[in-house]
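Understanding the architecture of this molecule
Here are the chains, one letter per residue:
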Amino acid sequence: MKKLFFTSIAILIACFMLLDVCAEAAEKKPQYGGTLTGISYPRAPKATRIGNPPAIFGADAGWAAQMLENLTRYVIEEDGNVGFRGVLATSWKTSPDGLTREFKLRKGVKFHDGTDFDAAAAKYNHDTLRKEHGTALKSVASIDVVDSHTIRYNLSKPDNTFLADVSETYAAFISPTAKELIGPKWAAENPIGTNAYKFVSYEQDVELVMKRFDDYWDPKLPYVDEVKIHYVKEALVAQAAVEKGQDLFITRAAAKEAMALKKKGYVIVTAPSVLRIITFDSKNPKSVFAKKKVRQAIGYAINRKVLSEALDWGYNPAAYQTSLEGSYAYNSTIKPRKYDPEKAKKLLAEAGYPDGIKINIYIERLRKRLWTAIQSQLQESGIEAKIKVNPSSKMRQFRTSASGSGGLAVNSILSNHISYKPDYILGFDQTMRSTSSRQPDLQRPAGLDEALIEAAQATDFAGKAKATQKAVQIIYEDATVVPVYWETVFWATHPSVHNIKHTYPDHSHRSYKGAWIEK
Amino acid sequence: MRTYILRRLIQTFIVIVLVTFSVFMVMRFLPGDPILLYLTEDEFSELQVTPEMIEALRHEFGLDRPLMVQYFDWIINAFRGDLGVSILKDTTVAYEIGKALPRTMYLGFSAFILSILIGVPAGIVCAIRRGKWLDTAVTTLANIGITAPTFWVGILLIYFFGLWLEILPIYGYTSPFEDFWISTQQAILPVFCLTLFPLAGSARQTRSAMLEVIQQDYIRTAWSKGLSERVIILKHALKNCLIPVITLKGMTIRSIFGGQVLIETVFNIPGMGRLVVEGIFSNDYAVVQGTVLVTATVITLANLLIDISYGWLDPRIRYG
């Protein structure tokens, strides 16, 4: 009797557990149908474009990523390494000398216009990209079509940033047929790709509409019938719309609205976006910033901890070096230049400025609050700073034109940034290399180019990490640039929406192809 | 009358030229360069902006010519219907205005009509029921309507009707030809915000003018003849009190168009207000000039119609 009783209890418990598991499984099962509506903020001051490839000036491939696909995509492995997964490539191999990369392409993939994606289409896209884009696929000397679904890239030098490069949004594929028939301008504004959603309509800074592509190569996807992105400028209105359920997510929400939505049960995801830095007119021999000690003094004169706590609810981590803590590029041997006005004054005195210095700070209107705080911090170190607010176009000119051709006045620092890329070398290439066209007023230190090349040509990840950390060390010791904080972006999603994946490299978009709406 | 209209059309033309010239010059002297923005906006580009590149693009957009040549070229083309090309949007200005103007007109016209249909009767009722609770209530509401900032009212309405009661959409615009019901739902809040100020003004002005008119001798005569209140007010008094109201309506058109910038921003409506503001912030000369030209034309022609209507209202007014 006793045995029967306990056996019955055990069976009952097992049944309840099984039911619970079934219920949970049933809850998690993706549901088909529905329209996924969301809010994005238009980029100021220029109207957002969505097209690809960037042959057209100003074409913005960000949202096109929902409609286009690459050979591979980034992942960040659990140990912090940058890894890659195949998307339109099913496998790839590298020759022992690192000069050849061969990709097997996925079969049965169609563009939204019904034409086939194959090696010829891939070659067409990447040949165009190399021709029309200054630095994309820069290490590729030529591209060969081996067979209909095998493509080979011949590199001019070993380059372990190659996979990162082909994973960038600019390296996604559009239908060559559509582009050749109708023209590049049309192709830039009407992305015909291979992704799970196809383009329906787009009104600049108003609305983007995409609908499911029924011939997508993964027959399970997508779950949702339609995706609508509304561009809303006003943060209060965006928040109200999401709270009401008129829209189901916000991309790049402000910290305050993200926190308010979090309290209402919304799922908030954060990620680093850009590293805010200070660059100098250090190439100008007459500038005070030509002296390393003055640049180092700036590093000690800024209280990053206070700034990061005060701005955006403390979600912007202070940065003391040009890599994110926890990433493979983070150099743990670097002693951070924490806020120390006395040390800053001492460095200035050693540099020959015992009475302090007078400088100009060039900023965009958006950053005035931050820079007013920095200005008062600099004052405590004997640095008298005059803030010059400029329109975005002027700031871009400063970042690309050398002094004398519309560049900075002498003794100037510039509010600047380095875009976050999981593969740091790609980000550093754009900003820090001596061959970069950005920041022509910035003096790059000896050894940096070599360290970046070494990192790009390392044959294993450990070697790449070591060389990248060396580059970070060089930048730090030279105070080539002074990092301030990592700017965080927020995404808020309604709890009824599941499985929106974050994609790299720049978080300007997410992948909605696996997303589904719980009814 | 014909001579008057012709004279006014010439004046309208002069006003438009003066307004567009002023805007043209102000835009040229604002800080910022659209060519630089155009060249440097591409985040992926490693492009080094060289002076030669800037000059080439300036030449392409005609910005290297003397200012007066640019202006006359533009104004002559404008009267032919060619408003130029938006540097940053890469579309023609006429196309952009063609999309934005109907939206603005739809909302503005709705607000204008509502402000007359509600404001004038409200003012009449206040005048004939002067001192009563209805007069007090309407006058108080009118005062609130005049003083409350449009932007603030818009946000409040969004929270109340959109978020709390959930009976109206938070933002958006749909053409009435696409989906009339959704369009109407989306238009209710912005039109209400746009109507508030002109409605309040109309009510107050009508009340004031009506109070003056109903104290006239001829109205007293009408009362003593035993005519009904309705006949006295609508047939005898109304027309005479409308002249200051109509004058106010002319100014209302200006405020409706001007107020649309804020309403379009709050309710996310891609109309003329948003178009011109974006153009100003991005130094997109052609867009700003084109929208100002269209707006100035609409307002001056509307005022001309209003001036002509005086003759209909008061036969004593004849234009030579």
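All values derive from a computational prediction rather than experimental measurement.

The secondary structure content of chain A amounts to 15 helices and 20 strands. Across the 519 residues of chain A, 57% fall into the buried class. Across chain A, every contact between residues at least 6 apart in sequence was considered, and the portion connecting residues at least 24 apart equals 68%. Working note: accessible area of chain A is about 21600 Å², and carbon and sulfur atoms make up 54% of it.

On a regular strand, each side chain points to the face opposite its neighbour's, so the side chains alternate between the two faces of the sheet. All names here are of chain A. Among the six residues in strand β1 (residues 35-40), five count as buried, and that is most of the element. Note: β1 against strand β10 (residues 226-231), six bridges, orientation parallel. Paired with T37 across the bridge in β10 is K228.

Taken as a whole, chain B shows an average pLDDT of 86; of its residues, 95% reach a score of 70 or greater. Reported confidence for the predicted complex is 0.82 by ipTM and 0.83 by pTM.

All names here are of chain A. Here four strands make up an open sheet; going across it, the order is β4-β5-β7-β6 and the pairing antiparallel. At either margin of the open sheet sits one strand with a lone partner, and together these are β4 (89-94) and β6 (140-147). Adjacent strand axes in the sheet meet at a mean angle of 20 degrees when their direction is disregarded. In terms of strand pairing, β4 meets strand β5 (residues 100-105) through five bridges, oriented antiparallel. From the neighbouring strand, W92 faces β5, where its bridge partner is F103. Seen against the sheet, helix α2 (residues 119-132) touches β5, β6 and β7 (150-155) and runs at an angle of roughly 170 degrees to β6.

Attention shifts here to the packing of helix α1 (residues 2-29) of chain B against helix α4 (residues 67-79) of chain B. Residues and elements named next belong to chain B. Running from N to C, α1 and α4 cross one another at 135 degrees; their axes reach a closest spacing of 11 Å. Comparing their axes, α4 and α1 come out oblique. Where α1 crosses over α4, the two elements pack in a sense that is right-handed. Listed contacts from α4 to F13, V17, T20, F21, F24, M25, R28 and F29 of α1 are L67, M68, Q70, Y71, W74, I75 and F79.

All names here are of chain B. Nonpolar side chains collect at one region of the surface, where L6, I10, F13, I14, L18 and F79 lie side by side and expose about 610 Å² of accessible area between them. Top element by residues in the nonpolar patch is α1. It accounts for five residues. Position of I14 among the secondary structure elements: in helix α1.

All right, on to the pattern of salt bridges then. Residue and element names in this part refer to chain A. Scanning the model with the defined rule gives 32 salt bridges over all chains in all. With a shortest N-O distance of 3.4 Å, E243 and K264 are connected by a salt bridge. With E243 in helix α6 (residues 235-244) and K264 in the loop between α7 (255-263) and β12 (267-280), this pair connects stretches of sequence that are 21 residues apart. By relative accessible area, E243 is classed as partly exposed at 21%.

Here we take up the packing of helix α5 (residues 93-128) of chain B against helix α6 (residues 133-147) of chain B. All names here are of chain B. Contact geometry of α5 with α6 gives a least axis separation of 8 Å together with a crossing angle of 140 degrees. The orientation of α5 relative to α6 falls into the category oblique. Crossing geometry of α5 relative to α6 is assigned as left-handed. From α5, A122, V125 and C126 reach across to α6, where they touch L134, D135, V138 and T139. Across the contact of α5 with α6, the residue classes tally to five nonpolar, one polar and one charged.

Turning to α6 of chain A, its buried residues number three or more, namely V237, A238, Q239, A240, A241 and V242 of chain A. Downstream of α6 of chain A by one or two residues, G245 of chain A has phi in the positive range, about 95 degrees.

This brings us to α1 of chain B. Taking 1.5 Å as the rise per residue, α1 of chain B with 28 residues should run 40 Å; its terminal C-alpha atoms sit 41 Å apart, in good agreement. Three or more residues of α1 of chain B are buried, namely Y4, R8, T12, I16, T20, V23, F24, M27 and R28 of chain B.

Residue and element names in this part refer to chain A. Along the chain, R337 turns up in the loop between α9 (304-310) and α10 (341-350). E477 provides the closest opposite charge to the buried, salt-bridge-free R337, at an N-O distance of 7.5 Å. In this structure the side chain of R337 is engaged in a polar contact, spanning 2.9 Å, whose partner is the backbone oxygen of Y476. Sequence-distant contacts of R337, defined by excluding residues within four places in its chain, comprise Q296, G299, Y300, R304, Y320, Y476, E477 and A479.

What follows concerns the sheet that holds strand β8 (residues 197-203) of chain A. Residue and element names in this part refer to chain A. Strands sit in the order β8-β9-β10-β1-β11-β16-β12-β15-β13-β14 across an open sheet of 10 strands; the sheet is mixed. The outermost strands of the open sheet, each flanked by one partner alone, are β8 and β14 (383-390). Here the average twist between neighbouring strands, direction ignored, is 25 degrees. One ladder, built from five bridges, connects strand β9 (residues 207-212) with β10; its direction is antiparallel. Pairing of E207 across the sheet is with H230, part of β10. Packed onto the sheet, helix α13 (residues 424-431) meets β15 (412-419) and β16 (482-493) and runs at close to 150 degrees relative to β15.

For the rest of this paragraph, the subject is unusual backbone geometry. Looking along the chain, the bond that leaves L221 of chain A and enters P222 of chain A is cis, with omega of -5 degrees. Secondary-structure assignment places P222 of chain A in the loop between β9 and β10. You will see that N411 of chain A, though not glycine, has its phi angle at about 65 degrees, which is positive. By secondary structure assignment, the location of N411 of chain A is in the loop between α12 (392-400) and β15. N411 of chain A sits in the buried class, given a relative accessible area of 16%. With a phi close to 55 degrees, N268 of chain B is a non-glycine residue in the positive phi region. By the element assignment, N268 of chain B lies in the loop between α10 (229-266) and α11 (272-281).

So, how was this worked out
- Residues numbered from 1 in each chain as written.
- Chains lettered and ligands numbered in written order.
- Predicted model: local features only at pLDDT ≥ 70, side-chain atom pairs only at ≥ 80, totals over all residues.
- Heavy atoms only, no water.
- Helix = DSSP H or I, 4+ residues; strand = E, 2+ residues; numbered from the N terminus.
- Buried < 20%, exposed > 50% of the residue type's maximum accessible area, 1.4 Å probe, protein only.
- Contact = heavy atoms within 4.5 Å.
- Areas by Shrake-Rupley, 256 points an atom, 1.4 Å probe, with all protein chains shown as cover.
- Pairing = 2+ DSSP bridges.
- pLDDT = per-residue confidence, 0-100.
- Axes fitted to C-alpha atoms, helices over the stretch in contact; angles between N-to-C directions.
- Parallel < 35°, antiparallel > 145°, perpendicular 65-115°, else oblique.
- Left-handed = near helix turned anticlockwise from the far one by under 90°.
- Patch = residues over 30% accessible without salt bridge, like charges linked within 9 Å, V, L, I, M, F, W, Y side chains within 5 Å.
- Salt bridge = Lys/Arg side-chain N within 4 Å of Asp/Glu carboxyl O.
- Nonpolar A, V, L, I, M, F, W, Y, C, P; charged D, E, K, R; others polar.
- Expected span 1.5 Å × (residues − 1).
- Lys, Arg positive; Asp, Glu negative; His and termini not counted.
- Polar contact = N/O pair within 3.5 Å; in protein donor to acceptor, adjacent residues only side chain to side chain.

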